[in-house]
Amino acid sequence: MSHDPASAPAAPESLEPGRFGTFLADKGIASKRLSDSCGVETIEVSADDLKRALAELRTNEETRLGLLLTISGVDMADSIDSVYHLRSYYSNDELVVKVVTPKASIPEGRLPLVPSLANEWPAADWHERETYDLVGIRYIGHPYLRRILNPWDWEGHPLRRDYRQPVDALNDKNPHSFR
Amino acid sequence: MTEHDATNFGTAGGGPIASISQPVPDELKDTVTLTTVDQAVELLGKLIDPVANWARSNSVWPLTFGTSCCAIEMMCVGMSAFDISRFGSEVFRGTPRQADLIITAGTITRKMAPALITLYEQLPEPKFVIAMGACTVTGGMFNDSYSVVQGADRIIPVDVYLPGCPPRPDGILDALLKLQQKIRTNSLAERRRRPGGMRPVRYVDYDTGRPMEDLVREAKLETELALELSDSAEKS
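What counts, and at which threshold
- Residues numbered from 1 in each chain as written.
- Chains lettered and ligands numbered in written order.
- Predicted model: local features only at pLDDT ≥ 70, side-chain atom pairs only at ≥ 80, totals over all residues.
- Contact = placed C-beta atoms within 7 Å.
- Nonpolar A, V, L, I, M, F, W, Y, C, P; charged D, E, K, R; others polar.
- Helix = DSSP H or I, 4+ residues; strand = E, 2+ residues; numbered from the N terminus.
- Axes fitted to C-alpha atoms, helices over the stretch in contact; angles between N-to-C directions.
- Parallel < 35°, antiparallel > 145°, perpendicular 65-115°, else oblique.
- Left-handed = near helix turned anticlockwise from the far one by under 90°.
- Pairing = 2+ DSSP bridges.
- Domains from an automatic or database assignment.

**Description of the interface of chain B and chain A**
Argument step 1. At the junction of the two partners, chain B supplies 18 residues and chain A supplies 14 residues.
Argument step 2. Considered class by class, the residues forming the side of chain B that touches chain A number 5 nonpolar, 4 polar and 9 charged.

Now the structure itself:
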């Protein structure tokens, strides 16, 4: 998924806040509307507002987005996003929430920091571990943030753009490494 | 035992007995036929192997080993439509100690590789491997993936390669028949003499998913470096 600023679908300022965006604005939580993903409203919130926003969206009678479908991470060219897909059992509403951490704001050699939802949403536990494992987002407050798919001693985060795996006998294309 | 024998012990091919026994003098060649245990074993093997191989080839018990979609085809081949029991292989064993054959049905990831090696080592000899599916033949569609071993033959010796993604059940039967032919024509002594013997080709570390030889080399380099540093510190 390449990110080219010139060909981005629309400038974010030009988008009117959608239904969930205005709902959050009423509650005093700032959000920015991004271009829709597959016809689903997509908003960006800051990392500090994330827990409050999702708790509001989950419990309020108006929205009732009670199901956290997935948490994923995307390494865009200039930022690392943590993406949350929410759904409502009652009205089939969907919402995509993103927390964008620009790479420029991440100190050298450190991971981007995003608050963890694992204490409020048990579903978030393994999703956050997987995102930490593959994309390298550190979720603050996660009870057991350890690698879940790769071996525990793995070096690097494989779905990062700058990840280069060292060549060894198991993936070398050199014919000498074959039997 | 003389010193010369002790140094020679076990170094020559054919085991320790062959290395310490004397060659047969020419005048006794006609009367003496057995000189070493190995030759006795080989002679016995010549007598027994045809029968043993016939029995082995018609009762190849596979291990229940399926790591992804190829396992569905492996299940299918055990059902009545294809019926692998016609060829004597219907007994899919749950433990490697009762099986003769691993059909590596599915992708071998780096995390699975040490487990596969352990399973292979636990098989009693003679043991056979069918590399089933594109993933275990060459890595297949996981070419250059960070987590997939690019071919099962990088970690264990493979007898029959069965390409396909996944191969049809007929393909498994074909591979089994090929393997049966192979079992009928080779002997245990021959298999022992293969390069690497009947051990895995390459060991993989449980913790890092990397080949042990690389880790050992790194550890050696590190110790050498540490020794050099300590030496230079002592001198200065």
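**Things to note about the environment of A:Asp49**
All names here are of chain A.
Argument step 1. Following the sequence through the fold, Asp 49 ends up in the loop between strand S2 (40-44) and helix H2 (50-59).
Argument step 2. In the structure, Asp 49 is positioned 110 residues away from Leu 159 in sequence and 26 Å away in space, judged by C-alpha atoms.
Argument step 3. In this structure Asp 49 touches Ile 29 and Ala 30, once residues within four positions along its chain are discounted.

**Overview of the packing of helix H3 (residues 37-57) of chain B against helix H7 (residues 169-185) of chain B**
Residues and elements named next belong to chain B.
Argument step 1. For the pair H3 and H7, the least separation of the axes is 8 Å and the interaxial angle reads 160 degrees. Here H7 runs roughly antiparallel to H3, going by the angle between their axes. When you trace H3 past H7, the crossing you get is right-handed. Each of Asn 53, Trp 54, Arg 56 and Ser 57 in H3 lies in contact with H7, whose residues at this interface are Gln 180, Ile 183 and Arg 184.
Argument step 2. Here the residues of the contact of H3 with H7 sort into 2 nonpolar, 3 polar and 2 charged.

**A word on the sheet that holds strand S5 (residues 94-102) of chain A**
Residues and elements named next belong to chain A.
Argument step 1. Ordered in space as S1-S2-S5-S4-S3, the 5 strands form an open sheet in which the pairing is mixed. Each edge of the open sheet is held by one strand with a lone partner, namely strand S1 (32-37) and strand S3 (67-75). On average, each strand axis in the sheet is inclined to that of its neighbour by 25 degrees, with strand direction left out of account.
Argument step 2. The sheet contact formed by S1 and S2 spans 4 bridges and is antiparallel. Paired with Arg 33 across the two strands is Ile 43, which belongs to S2.
Argument step 3. Set on the sheet, helix H1 (residues 19-26) makes contact with S1, S2 and S5; between it and S2 the angle comes to about 40 degrees.
Argument step 4. In the packing of helix H3 (residues 124-134) onto the sheet, contacts are made with S3 and strand S4 (79-87), and the angle to S3 comes to roughly 10 degrees.

**Digging into the sheet that holds strand S1 (residues 62-63) of chain B**
Strand pairing in a sheet relies on backbone hydrogen bonds. The paired strands run either parallel or antiparallel.
All names here are of chain B.
Argument step 1. Spatially, the 4 strands line up as an open sheet ordered S1-S2-S3-S4, and their pairing is parallel. The two strands at the open ends of the sheet, each matched to only one other strand, are S1 and strand S4 (160-162).
Argument step 2. For strand S3 (residues 128-132) and S4, the ladder comprises 3 bridges, and the chain directions are parallel. Of the residues in S4, the one forming a bridge with Ala 131 is Tyr 161.
Argument step 3. Here H7 sits on the sheet and contacts S3 and S4; the angle it forms with S4, its principal contact strand, is near 170 degrees.

**Brief notes about the domain arrangement of chain B**
Argument step 1. Under the domain assignment used here, chain B contains domain 1 (3-56), domain 2 (60-193) and domain 3 (205-236).
Argument step 2. Each side of the interface is counted separately: domain 1 of chain B has 7 residues, and domain 2 of chain B has 6 residues.

**Let's talk about the pairing of S3(A)**
Argument step 1. For S3(A) and S4(A), the ladder comprises 8 bridges, and the chain directions are antiparallel. Residue pairing for S4(A): A:Val74 is matched across the bridge by A:Asp81.

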